[in-house]
Amino acid sequence: QLEESGGGLVQAGGSLRLSCAASGRTFSSYAMGWFRQAPGKERDFVSGIRWNPVYADSVKGRFTISREYAKNTVYLQMNSLKPEDTAVYYCAARPGVTTANRDDYDVWGQGTQVTVFS
């Protein structure tokens, strides 16, 4: 019900825009989140939005989350990418407000790989 796209290989300092398209139901009353998981590490919160955007400290000022209700889609614009941003990025949804706890989200996409090389 959530499908991510837009990942890829990019040089450090570059940009990517991830998309998360929701289907099967309307997610307008849901908080939408982006998480990422690097090899051997836990799945960490990156950003989320219900009414106002929330960001992890590591991406503040570089990433921007937005949502387009008419298309049932959420975006993550990633600028000034760093090699440490390399991970699989997941979109997730939960009823109610945004949280940074991955266990609060009950709908997940399959993920999209982002690789940043120096």
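So, here is what we can say about the structure in this document. (Residues numbered from 1 in each chain as written. Predicted model: local features only at pLDDT ≥ 70, side-chain atom pairs only at ≥ 80, totals over all residues. Heavy atoms only, no water.)

Bringing the pairing of strand β7 (residues 63-68) into the picture now. Residues Phe63, Ile65 and Arg67 line the buried face of β7, whereas the alternating positions Thr64, Ser66 and Glu68 sit on a face that is not buried. Note that β7 and strand β8 (residues 73-78) share 6 bridges and pair antiparallel. When the sheet's bridge partners are listed, glutamate 68 is paired in β8 with threonine 73. Between the end of β7 and the start of β8, which pair antiparallel, lie 4 residues, with asparagine 72 showing a positive phi angle near 55 degrees. (Buried < 20%, exposed > 50% of the residue type's maximum accessible area, 1.4 Å probe, protein only. Helix = DSSP H or I, 4+ residues; strand = E, 2+ residues; numbered from the N terminus. Pairing = 2+ DSSP bridges.)

This part takes up the nonpolar core. Within the largest apolar cluster, 32 residues are counted, with the highest numbers of intra-cluster contacts made by Leu2, Met32, Trp34, Leu76, Met78 and Tyr89. Those elements that provide at least two residues to this core are β3 (16-22), β4 (30-37), β5 (43-49), β7, β8, β9 (87-95) and β11 (112-117). Element by element, the count of residues in this core is highest for β9, at 5 residues. (Core = buried A, V, L, I, M, F, W, Y, C linked by side-chain atoms within 4.5 Å.)

Turning to the packing of aromatic side chains, a few remarks are in order. All told, the structure shown has 6 aromatic pairs when counted by the stated rule. Between the aromatic rings of phenylalanine 35 and tyrosine 105, the centroid separation amounts to 5.1 Å while the plane-to-plane angle is 75 degrees, which identifies the pairing as edge-to-face. One end of the pair, phenylalanine 35, is in strand β4; the other, tyrosine 105, is in the loop between β9 and β10 (107-108), with 70 residues separating them in the sequence. Site record: aromatic cluster; members linked through ring pairs are Phe35, Phe45, Tyr90, Tyr105 and Trp108. The residue whose ring lies beneath arginine 43 is tyrosine 90, and the NZ or CZ to ring-centre distance is 3.6 Å. (Phe/Tyr/Trp six-rings, centres within 6.5 Å; stacked < 30°, edge-to-face > 60°. Lys NZ or Arg CZ within 6 Å of the ring centre and 35° of its normal.)

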